[in-house]
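So you can see what is in the structure, the chains are spelled out below.
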Amino acid sequence: MTNGDGHRTPRRHAAVLRRMTARDRDEPHRAATPLELFFDLCFVVAVAQTGRALVHALASGHPGHGIAGYLMMFFAVWLAWINFSWFSSAYDTDDALYRVVTLVQIAGVLVLAAGIPRAFDHADFRVVWFGYVVMRLALVSQWLRAGHGATGAERRTALRYAAGVSACQVGWLGLLFLPTPAKPWLFLVMAAVELAVPAFAELGRGQETTWHPHHIAERYGLFTLIVLGETVAAATVAVQSALDENEALGLLLPMAAGGLLLIFAAFWIYFAVPIHLHLASNRQAFAWGYGHYAVLGSAAAIGAGIEVAIEQATGKAGISVLAASAAVTVPAALFMCSVWLVHSRHYKRGVAQQLVLPVSALAILACTFAGRETVLLTGLVGVVTVATGVTLAARNSPYEA
């Protein structure tokens, strides 16, 4: 429903069925819906499963297997989330059919989460693949519905998305039949194909989908909060378990304080800029959105690293202090660099502001060699990073921190 200016009017109640048409990219007061928030919350389970598997692999002294498995499993979780989020920004009708199909997608997410440990530990992707089938069938039906309600270039775009997503799901079948050594290579190929689907759908004779800049920025911000919240929860449980078994308060308190400061700093750094003002085209928005694989993946890995550091300090992990320290500093430094590269640098003014996050990343990596004090020092570097950013921002721009 639109008003006299061509904008949709707010909907108070969900109808059973509406014609699915593209939403207005300039729609005022666009915000995340309760259904979208529910969708995000259900991803906590999948994020927690990937983090838990990473902790187990690193603490057991298998970093190669752990990192490779984490990169694959987190990509699967992240891709499922962005598939839904960008579509909903452009075509959310909020009718009963749309809600039911979205709930089916949530069911697929939960199946995916249940299959992560088996895929991570034994390269058995059957449950993960089936979870994706559930999500993908729902998503393809949504794109077909969007195509049914459209004409011309918009219809071609919707049908291309449906075809591209379907073809990718067939391609992922290789994970079920190829020998284990070949699966990572298939993953790399299929990941590239997945990321190329939007370009295939929207370039040429297609039409750009009308995602909403402010809405997309809010959605990514909310998912970042979900990931940081899971990081806090994982680190808290690790500290509690260690205290219950060891009562090493003097050892654990500095690590808990440093981890908390680091997570607080990550929150501050990410939300320092009004990024929706930067999302003016598909080229800018897709590069920003794809870059969040590193942002979100490193943020989730920080919590896993803190858990590993705590397990090593209390004698539950058979790895060196240096390896446990790197489990915290490497993802923290990656978070700083990736946030700067894809997110905050667009609003930095001057060399000093541009250097804050890259220099902080180097300082965090240097903390790797601080032994038991690594987590605390890393958290303090995060605090200094925020303080420096706020000081420079006060001199240059009302938007920076």
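Residues numbered from 1 in each chain as written. Predicted model: local features only at pLDDT ≥ 70, side-chain atom pairs only at ≥ 80, totals over all residues. Heavy atoms only, no water.

### With respect to the overall build of the chain
Rules: Helix numbers and strand numbers start at the N terminus; a helix is a DSSP run of H or I with at least 4 residues, a strand a run of E with at least 2. Radius of gyration means the value over C-alpha atoms here, while the globule rule gives 2.2 Å times the residue count to the 0.38 power. Relative accessibility decides the category of a residue: with a 1.4 Å probe and only protein chains considered, values under 20% of the type maximum give buried, values over 50% give exposed, and everything between is partly exposed.
Helix and strand content of the chain: 13 helices and 0 strands. Helices (α) and strands (β) of the chain occur, in sequence order from the N terminus, as α-α-α-α-α-α-α-α-α-α-α-α-α. Whereas a compact globule of 401 residues would reach a radius of gyration of roughly 21 Å, the chain reaches 22 Å, a difference of no more than 12%. Across the 401 residues in the chain, those meeting the buried criterion constitute 53%.

### Topic: the state of the cysteines
Covalently bonding the sulfur atom of one cysteine to the sulfur atom of another cysteine gives a disulfide. Heads up, the condition is: Criterion for a disulfide: a pair of cysteine sulfur atoms at a distance within 2.5 Å.
Under the definition given, this model contains 0 disulfides. Unpaired in terms of disulfides, Cys337 finds its nearest cysteine sulfur in Cys367, a separation of 14 Å.

### Overview of the packing of helix α12 (residues 350-366) against helix α13 (residues 374-396)
Definition in use: With axes taken as lines fitted to C-alpha atoms, and helix axes fitted only over the stretch in contact, angles between N-to-C directions fall between 0 and 180 degrees. We call two directions roughly parallel when the angle between them is under 35 degrees, roughly antiparallel when it is over 145, roughly perpendicular when it lies between 65 and 115, and oblique otherwise. Throughout, a residue-residue contact means that at least one pair of heavy atoms, one from each residue, lies within 4.5 Å. Lys, Arg, Asp and Glu make up the charged group, whereas Ala, Val, Leu, Ile, Met, Phe, Trp, Tyr, Cys and Pro make up the nonpolar group; the residues left over, Gly among them, are polar.
It is at 10 Å that the axes of α12 and α13 come closest, and there the two elements cross at 175°. In terms of axis orientation, α12 runs roughly antiparallel to α13. Residues Ala352, Gln353, Val356, Leu357, Ser360, Ala363 and Ile364 of α12 touch α13, and the partners they reach there are Thr378, Val381, Thr385, Thr388, Leu392, Ala393 and Asn396. Looking at the contact of α12 with α13, its residues break down into 8 nonpolar, 6 polar and no charged.

### Comments concerning empty space enclosed by the protein
To keep it simple, the criterion reads: A cavity here means a set of points on a 1 Å grid, drawn over the protein atoms and nothing else, where a 1.4 Å probe fits but cannot get out; a pocket is an open set with protein on both sides within 12 Å along at least five of seven lines, and a residue lines either one if it has an atom within 4 Å of a point. Grid points are joined across faces, edges and corners, and a volume is the space filled by probe spheres set on the points.
Scanning all chains against the criterion turns up 5 cavities of 30 Å³ or more. Around the largest cavity, the lining is made up of 21 residues, and of these Ile82, Asn83, Trp86, Tyr161 and Pro198 lie nearest the centre. At the level of elements, α2 (63-91), α4 (126-148), α5 (152-171), α7 (183-202) and α10 (282-313) are the ones that each hand at least two residues to the lining of the largest cavity. Counting residues per element, the lining of the largest cavity draws most heavily on α2, which supplies 5 residues. Partitioning the lining of the largest cavity into residue classes produces 15 nonpolar, 3 polar and 3 charged. Here the second largest cavity is characterised by a volume of approximately 160 Å³. For the second largest cavity, the lining is made up of 13 residues, of which Ala76, Val128, Tyr132, Trp172 and Leu175 are closest to its centre. Elements supplying a minimum of two residues to the lining of the second largest cavity: α2 and α4. Here the lining of the second largest cavity takes 5 residues from α2, the largest share from any one element. Split by residue class, the lining of the second largest cavity holds 12 nonpolar, 1 polar and no charged.

### Observations concerning the environment of Trp86
Structurally, Trp86 is set in helix α2. Note: C-alpha distance between Trp86 and Gly289 (203 residues apart in sequence) is 9.7 Å. Among residues more than four places away in sequence, those in contact with Trp86 are Trp211, Ile216, Tyr220, Ala285 and Phe286.

### Section: α12
To keep it simple, the criterion reads: The span expected for a helix works out to 1.5 Å for each residue beyond the first. One fitted axis covers the seven residues ending at a residue, a second covers the seven starting there, and the bend at that residue is the angle between these axes.
For α12, which comprises 17 residues, the first-to-last C-alpha distance of 25 Å matches the rise-based estimate of 24 Å (1.5 Å per residue) to within 8%. Of all bends in α12, the biggest is about 40°, found at Val356, and the proline Pro358 comes one to four residues later. For α12, the complete set of buried residues consists of Gln353, Val356, Leu357, Ser360, Ala361 and Ile364. At its buried positions, α12 is contacted by α9 (249-270), α11 (321-342) and α13.

### A word on the pattern of salt bridges
The test is simple: Throughout this description, the term salt bridge denotes a Lys or Arg side-chain nitrogen within 4 Å of a carboxyl oxygen of Asp or Glu.
Applying the stated criterion to the full structure yields 9 salt bridges. We note a salt bridge from Arg145 to Asp95, for which the minimum N-O separation is 2.4 Å. Placement of Arg145 in helix α4 and of Asp95 in the loop between α2 and α3 (96-122) is noted, with a sequence separation of 50 residues between them. You can call Asp95 buried: its relative accessible area is 0%.

### A short note on the packing of α2 against α3
How two helices pack is summed up by the angle between their axes together with the distance between the axes. Where α2 contacts α3, the axes come no closer than 10 Å and their chain directions differ by 175°. In terms of axis orientation, α2 runs roughly antiparallel to α3. Residue-level contacts link His65, Gly66, Gly69, Tyr70, Met73, Ala76, Val77, Phe84, Phe87, Ser88 and Tyr91 of α2 to Tyr98, Thr102, Gln105, Leu112, Ile116, Ala119, Phe120 and Asp121 of α3. Here the residues of the contact of α2 with α3 sort into 12 nonpolar, 6 polar and 1 charged.

### Regarding the confidence of the model for the chain
For any part of a model where pLDDT is low, the fine detail of the predicted coordinates should not be relied upon. Heads up, the condition is: On a range of 0 to 100, pLDDT expresses the predictor's confidence in each residue.
The predicted model of the chain has a mean per-residue pLDDT of 88, with 93% of residues at 70 or higher. Here residues 1-12 is modelled with pLDDT under 50, and outside its nearest four sequence neighbours on either side it reaches 21 contacts, counting other chains as well.

### Focus: the packing of aromatic side chains
The description of an aromatic ring pair uses the distance of the two centres, along with the angle that the planes make with each other. Selection criterion: Pairs were defined over the aromatic rings of Phe, Tyr and Trp, the Trp ring being its six-membered one, requiring ring centres within 6.5 Å. Orientation was assigned from the angle between planes: stacked under 30 degrees, edge-to-face over 60, tilted for the rest. Any Lys NZ or Arg CZ found within 6 Å of a ring centre and within 35 degrees of that ring's normal is scored as a charge over the ring.
The final tally for this structure, using the stated rule, is 24 aromatic pairs. When the ring of Phe75 is compared with that of Tyr293, the centres are 5.6 Å apart and the planes differ by 85°; the resulting orientation is edge-to-face. Pair noted here: Phe75 is in helix α2 and Tyr293 is in helix α10, with a separation of 218 residues, a long-range link. Of the residues examined, Phe75 reaches a relative accessible area of 4% and is grouped as buried. An angle of 75° between the planes, with centres 4.9 Å apart, marks the rings of Tyr270 and Phe271 as edge-to-face. You can call Tyr270 buried: its relative accessible area is 3%. The exposure class of Phe271 is partly exposed, given its relative accessible area of 36%. For the cation-ring pair, Arg25 lies above Trp211, with the distance from its terminal atom to the ring centre recorded as 4.1 Å. Taking the ring centre of Phe200 as reference, the NZ or CZ of Arg160 above it sits at 5.7 Å.

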